[in-house]
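# Fold and contact review
One letter stands for each residue in the lines below.
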Amino acid sequence: DAGVTQSPTHLIKTRGQQVTLRCSPKSGHDTVSWYQQALGQGPQFIFQYYEEEERQRGNFPDRFSGHQFPNYSSELNVNALLLGDSALYLCASSLALTGSRNEQYFGPGTRLTVT
Amino acid sequence: SQKIEQNSEALNIQEGKTATLTCNYTNYSPAYLQWYRQDPGRGPVFLLLIRENEKEKRKERLKVTFDTTLKQSLFHITASQPADSATYLCALVLYGNNRLAFGKGNQVVVIP
């Protein structure tokens, strides 16, 4: 049973560039959430996708956008990168049927460094 | 403002003892509270979930309590082992809202 996978593992970008991160959810899961985790901080919720639509969004600017595909996989796009976007980006999958229990399975993350 | 507070200082504990971590929150009304373990450079791993109407939950050597009056959860690792060394995150699940709100995490170091 494949868990949550993310690609790439590491990425180095320059300020102003754009980046796309990818996530495949755990088998059987239909909901994907994205989190940003700065060093020494807890994960911060970016947004959540279900049925190919953004269902919830955290306090992140429009430079952060996403997509969910029919096979439930997801992408996170960040435009006009800033130094402050350097962080570990985590994808988490869950099953909508579990409702508020919301037990989430996290991937290993993508370490983004903006120089 | 809304806050989820975990102790920023690492907890150093002797092997075999019980490690106790605290999660305090303000201006939240969570439906559930979750605890995750995170190892360096890895994603968090779900450990336990407790509902707002439950007082205590156990799983093997782990125990979680949830006091909605005090707005506090305690997380215990009994008979701690060096393999338990990691950062432990508490997360709130809010009513009608499927996002998780995380604390900063609390590092545990179990000394052999």
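Preceding this paragraph is the structure being described.
It should be emphasised that the depicted structure is a prediction, and the values quoted were computed from it without experimental measurement. (Residues numbered from 1 in each chain as written. Chains lettered and ligands numbered in written order. Predicted model: local features only at pLDDT ≥ 70, side-chain atom pairs only at ≥ 80, totals over all residues. Heavy atoms only, no water.)

What follows is about the sheet that holds strand β3 (residues 19–26) of chain B. In a beta sheet, neighbouring strands pair by backbone hydrogen bonds and run either parallel or antiparallel. Residue and element names in this part refer to chain B. Spatially, β1-β3-β8-β7-β6 is the arrangement adopted by the five strands of the open sheet, whose pairing is antiparallel. Looking along the sheet, the strands with just one partner apiece sit at the ends: β1 (3–6) and β6 (56–59). The sheet shows a mean angle of 15 degrees between the axes of neighbouring strands, taken without regard to direction. With six bridges connecting them, β3 and strand β8 (residues 72–77) associate as antiparallel partners. Considered in β8, the bridge of T20 is made with H76. (Pairing = 2+ DSSP bridges. Helix = DSSP H or I, 4+ residues; strand = E, 2+ residues; numbered from the N terminus. Axes fitted to C-alpha atoms, helices over the stretch in contact; angles between N-to-C directions.)

Residue and element names in this part refer to chain A. The two faces of strand β11 (residues 110–114) differ: T110, L112 and V114 on one face are buried, but R111 and T113 on the other face are not. Pairing between strand β2 (residues 10–13) and β11: four bridges, direction parallel. When the sheet's bridge partners are listed, I12 is paired in β11 with T113. Across three bridges, the pairing between strand β9 (residues 87–94) and β11 is antiparallel. The residue bridging L88 from the neighbouring strand is R111, located in β11. (Buried < 20%, exposed > 50% of the residue type's maximum accessible area, 1.4 Å probe, protein only.)

Residue and element names in this part refer to chain A. Inspection of the entire model under this criterion finds 12 aromatic pairs over all chains. On the numbers, 5.5 Å between centres and 50 degrees between planes, the contact of Y35 with F106 is tilted. Within this pair, whereas Y35 is found in strand β4 (residues 31–37), its partner F106 is found in strand β10 (residues 105–106), the two being separated by 71 residues in sequence. Of the residues examined, Y35 reaches a relative accessible area of 0% and is grouped as buried. (Phe/Tyr/Trp six-rings, centres within 6.5 Å; stacked < 30°, edge-to-face > 60°.)

The next thing to look at is the state of the cysteines. All names here are of chain A. Within the structure shown, the criterion is met by two disulfides over all chains. Sulfur-sulfur distance for the disulfide between C23 and C91 comes to 1.8 Å. Here C23 and C91 share a disulfide; its torsion about the S-S bond, -55 degrees, makes the bridge left-handed. Residue C23 is located in strand β3 (residues 19–24), and its partner C91 is located in strand β9; the two are separated by 68 residues in the primary sequence. (Disulfide = S-S within 2.5 Å.)

Take it as geometry only, folks, not as evidence of what the structure does.
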